[in-house]
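For reference, the chains in residue letters:
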Amino acid sequence: MEMKNENESVSVSKNESVSENENESHDKSVQQIQHPFHKEHPLVLVAEQSNEGLKAYCDGCGELLSGPCFTCFHCNYHLHKQCAEAPLEIPNHRLHPKHSYAGFFLRQKPCLYDDLVYGCALCKEKRNIDSDYLCNLCQKQHSGPFYGCSLCHFNINVECAWPRSTVEDKTHHQHPFTILRRQDSFICDACGTEGNYISYICSTCSLMVHKDCTSLPLIIKFSRHDHCIFHKYFLKGLTRQDCKICFKEVRLDCGSYSCGKLGCNYVVHVNCVLEEEWLYEVMEEEKQCEELEKKSMQSSIIRVIEVNEAGEAIKIQHLSHQHCLVLANKIEEDIDRKCDGCMLPISNIFYYCLECPFFLHKTCAELPRIKQHWFHQSNSTLYFDCFKKCDFCNQRCSGFFYKIGEGWDMCLRCAKVSDIIECKGHQHFLFFDFKYKEKCNGCGETNRYGAFRCGKCRFALDFGCLTLPHSALHKIDEHKLKLTYHDDKEQSYCDICEKYRDPSLWHYSCSICDTSAHIKCVLGHFPFLKDGVTFIYYHKHHHDLKFFRKVKGYPECSYCGKLCQEEILKCEKSTCNYIIHNKYKCRWRY
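Residues numbered from 1 in each chain as written. Predicted model: local features only at pLDDT ≥ 70, side-chain atom pairs only at ≥ 80, totals over all residues. Heavy atoms only, no water.

Considerations on the confidence of the model for the protein chain
Interpretation of this model should avoid reading the predicted coordinates in detail wherever pLDDT is low.
Okay, so step 1: Across the protein chain, the average pLDDT comes to 81, with 84% of residues at 70 or higher.
Okay, so step 2: When the criterion is pLDDT under 50, residues 1-9 qualifies, and its contacts beyond four places in sequence or with other chains add up to 20 contacts.
Okay, so step 3: Note on residues 112-130: pLDDT under 50 across the span, and 28 contacts to partners over four residues away in sequence or across chains. (pLDDT = per-residue confidence, 0-100. Contact = heavy atoms within 4.5 Å.)

Digging into the packing of aromatic side chains
Okay, so step 1: In total, this model carries 26 aromatic pairs according to the counting rule given.
Okay, so step 2: Measuring from ring centre to ring centre gives 4.7 Å for Tyr 485 and Trp 506, while their planes differ by 70°; the resulting arrangement is edge-to-face. In this pair, Tyr 485 sits in the loop between β39 (477-484) and β40 (492-493) while Trp 506 sits in the loop between β41 (500-501) and β42 (507-510), placing the two residues 21 residues apart along the sequence.
Okay, so step 3: Among the residues examined, Trp 506 registers a relative accessible area of 7% and is labelled buried.
Okay, so step 4: Three or more aromatic residues link up through ring pairs in this structure, and these residues are Trp 278, Trp 374, Phe 375, Phe 392, Trp 408, Phe 432, Phe 434, Phe 452 and Phe 463.
Okay, so step 5: In this structure, Arg 413 packs its charged tip against the face of Phe 528, placed 3.6 Å from the ring centre. (Phe/Tyr/Trp six-rings, centres within 6.5 Å; stacked < 30°, edge-to-face > 60°. Helix = DSSP H or I, 4+ residues; strand = E, 2+ residues; numbered from the N terminus. Buried < 20%, exposed > 50% of the residue type's maximum accessible area, 1.4 Å probe, protein only. Lys NZ or Arg CZ within 6 Å of the ring centre and 35° of its normal.)

Considerations on the sheet that holds strand β26 (residues 350-353)
Okay, so step 1: Sheet architecture is open: five strands sit in the order β23-β24-β25-β26-β27, paired in antiparallel fashion. In this open sheet, the two strands that pair with only one neighbour each are β23 (301-307) and β27 (359-361). With strand direction ignored, the average angle separating the axes of adjacent strands in the sheet is 30°. (Pairing = 2+ DSSP bridges. Axes fitted to C-alpha atoms, helices over the stretch in contact; angles between N-to-C directions.)

Overview of the side chain of His 38
Okay, so step 1: Among the secondary structure elements, His 38 is positioned in strand β3 (residues 38-46).
Okay, so step 2: Judged by relative accessible area, His 38 falls into the buried class, the value being 5%.
Okay, so step 3: Side-chain polar atoms of His 38 contact the side chain of Glu 40, separated by 3.3 Å.
Okay, so step 4: Sequence-distant contacts of His 38, that is, excluding residues within four places in its chain, are made with Leu 43, Cys 72, Cys 75 and Tyr 77. (Polar contact = N/O pair within 3.5 Å; in protein donor to acceptor, adjacent residues only side chain to side chain.)

A short note on the environment of His 175
Okay, so step 1: Relative to the assigned elements, His 175 resides in the loop between β12 (166-167) and β13 (177-187).
Okay, so step 2: Distance in space between the C-alpha atoms of His 175 and Cys 205 is 8.3 Å, their sequence separation being 30 residues.

Let's talk about the pattern of salt bridges
Where charged atoms of side chains with opposite charge meet at close range, the side chains can pair.
Okay, so step 1: All told, the structure shown has 15 salt bridges when counted by the stated rule.
Okay, so step 2: Salt-bridge contacts for Asp 419 lead to Arg 224; the nearest nitrogen and oxygen are separated by 3.1 Å. Separated by 195 residues along the polypeptide, Asp 419 in the loop between α7 (412-415) and β34 (420-421) and Arg 224 in the loop between β16 (219-222) and β17 (228-232) bring together distant segments of the chain.
Okay, so step 3: The exposure class of Arg 224 is buried, given its relative accessible area of 7%.
Okay, so step 4: We note a salt bridge from Glu 366 to Lys 362, for which the minimum N-O separation is 2.5 Å.
Okay, so step 5: Take Glu 366: its relative accessible area is 38%, and that puts it in the partly exposed class. (Salt bridge = Lys/Arg side-chain N within 4 Å of Asp/Glu carboxyl O.)

A closer look at empty space enclosed by the protein
Okay, so step 1: If you walk through the whole model with that rule in mind, you get two cavities of 30 Å³ or more.
Okay, so step 2: Put simply, the largest cavity is a space of about 40 Å³.
Okay, so step 3: What lines the largest cavity is His 35, Gly 60, Leu 79, Cys 83, Ala 86, Leu 106, Pro 145 and Val 158.
Okay, so step 4: Tallied by class, residues from the lining of the largest cavity come to six nonpolar, two polar and no charged. (1 Å grid on protein atoms, 1.4 Å probe; cavity = no way out; pocket = protein on both sides within 12 Å on 5 of 7 lines; lining within 4 Å. Points joined across faces, edges and corners; volume = space filled by probe spheres on them. Nonpolar A, V, L, I, M, F, W, Y, C, P; charged D, E, K, R; others polar.)

A short note on the sheet that holds strand β43 (residues 515-517)
Okay, so step 1: The strand order across the open sheet built from four strands is β38-β39-β42-β43, with neighbouring strands paired in antiparallel fashion. The open sheet terminates on both sides in strands that have one partner only, identified here as β38 (471-474) and β43. Strand-to-strand, the axes of this sheet are offset by a mean angle of 30°, without reference to chain direction.
Okay, so step 2: Note that β39 and β42 share three bridges and pair antiparallel. Note on β42: the bridge partner recorded for Lys 482 is Ser 509.

Quick notes on the environment of Glu 276
Okay, so step 1: Along the polypeptide, Glu 276 turns up in the loop between α4 (270-273) and β22 (280-283).
Okay, so step 2: Taking the C-alpha atoms as reference points, Glu 276 and Phe 434, 158 residues apart in sequence, are found 9.7 Å from one another.

Points about the environment of Cys 202
Okay, so step 1: As for its placement among the helices and strands, Cys 202 is situated in strand β14 (residues 194-202).
Okay, so step 2: Along the sequence, Cys 202 and His 175 sit 27 residues apart, while their C-alpha atoms lie 6.8 Å from each other.
Okay, so step 3: Setting aside anything within four residues of it in sequence, one finds Cys 202 in contact with His 173, His 175, Pro 176, Phe 177 and Leu 207.

Describing a negative patch on the surface
Okay, so step 1: Among the surface-exposed residues, Glu 284, Glu 285, Glu 286, Glu 290 and Glu 291 lie close enough to one another that they form a single negatively charged patch.
Okay, so step 2: Tracing the sequence through the fold places Glu 285 in the loop between β22 and α5 (287-295). (Patch = residues over 30% accessible without salt bridge, like charges linked within 9 Å, V, L, I, M, F, W, Y side chains within 5 Å. Areas by Shrake-Rupley, 256 points an atom, 1.4 Å probe, with all protein chains shown as cover. Lys, Arg positive; Asp, Glu negative; His and termini not counted. Charge placed at Lys NZ, Arg CZ, Asp CG, Glu CD.)

Here it is, written out as structure tokens:
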């Protein structure tokens with residue numbers, strides 16, 4: 001790269017007084033530069049990385065270091081040789097001839113917390129500094145210094161200003177890609193989206209792609225699909241396909257990721273599936289996918305003791321319980337039992353313990369110990385015997401949980417929900433959108449971490465509403481109250497608390513008795529806690545308190561003095577008569 005003397009970006013010197021340890025990796029005569037964006041220490045030229053196991057990235061272009069680079073041994077600051085020698089000004093750049101007389105100036109990456117507002121010198125349009133975060137060519141955020149025009153919005157990354165002429169990586173494509181500079185736009189054959197100015201072509205395969213798309217991973221394990229998916233430039237033998245993430249059409253004549261399993265038509269856009277790095281893992285070979293599938297086959301059923309003629313396990317030893325469990329398909333109608341896994345009422349085929357009141361839905365008993373959940377790429381692990389708050393539905397639960405990633409706790413009710421679902425409360429299917437931040441149509445609460453939304457209309461639901469019981473019992477009505485999604489009344493009131501109820505939100509109702517009530521009034525504050533669980537909350541009592549849904553005899557609350565009827569906290573010591581309401585002011589007293 002030629003540099004104008006009056007616009008040199010660095011000062012170069014020779015220094016022979018370098019320590020012996022540093023001299024082991026370079027020549028005795030070590031080239032040093034003083035870069036204007038790293039004035040603390042000089043940068044030393046390193047011919048190649050001494051430790052290939054430690055990955056380092058260029059602070060200029062943000063890419064993995066390769067070949068000669070300049071390094072600060074004190075600050076762990078690195079620049080490719082090409083990035084370090086990039087001039088501070090480019091008077092005439094072919095990609096931006098409009099203001100060629102003013103030129104490009106090398107700038108440092110803006111501070112993320114800078115909320116200053118700037119104005120364009122030509123159009124006077126006001127803009128936040130956020131407008132300068134994207135490169136006009138690759139549409140990526142600036143990972144380091146970039147060239148920006150002082151008269152307009154045009155700016156490009158250092159790497160785009162000085163692109164490589166040839167890209168060759170046979171692990172991603174069998175032929176080299178050659179740069180093609182052009183003034184108009186193009187459609188990338190690898191991802192199907194538009195590109196500007198600079199493309200890379202493979203003349204052998206007749207491909208034109210973005211620079212970044214020359215190194216797309218060939219195989220990835222995406223958290224939202226059970227099998228590995230493969231990058232393909234063209235999809236043959238398929239009719240119209242919609243992306244299973246954004247649900248917009250996938251162009252069959254452009255690149256996409258699709259499932260390799262026979263009969264599985266899972267297809268996604270390249271940019272959709274690669275948007276969040278924590279949702280996928282790059283596979284070097286297909287064998288790695290097979291190993292992941294084997295891990296997910298570890299059942300939580302330790303031992304099958306007895307099977308019936310159809311080969312169905314009718315007596316098992318489960319990881320979560322000390323006694324054997326027996327299969328059954330019905331329960332006595334007058335007994336209100338909940339599954340100890342998902343804490344929902346027992347309504348279909350289930351396992352039960354002959355020695356103690358322990359129940360598990362068959363589907364809950366058969367869940368794997370290690371599960372690849374679609375919410376996160378890392379493995380999730382089943383655990384139990386705890387009292388936790390689910391990070392997805394925000395309900396406290398005493399059933400089974402999956403530990404997802406490093407800090408997410410997901411109850412079994414949420415773990416059973418797939419990322420694409422059908423819901424009785426809406427006519428279209430819903431898919432999970434990680435970016436959705438608006439209100440839930442079921443409860444009216446604002447979503448912070450995404451929600452299940454409709455691709456055809458403005459409808460969305462959060463985990464909490466999707467996992468509600470379809471029916472529930474309450475003393476206000478002799479019949480089961482059903483979860484109701486629509487109400488034609490202009491004004492509605494809850495028959496339990498006698499306060500206003502928003503008719504546009506979900507509620508429980510009885511069509512026979514014309515009863516309707518808030519969801520929380522019907523279910524209570526803690527509908528998914530098992531009686532007898534130790535309640536982990538602040539209180540001044542010197543013994544642990546246990547949660548009970550109902551109490552006999554209407555005793556007085558030890559704090560407020562009022563009679564206790566439902567949801568109490570009782571001292572675990574049989575000789576102690578300490579009882580308090582399971583209400584905020586009673587359990588959180590100071």
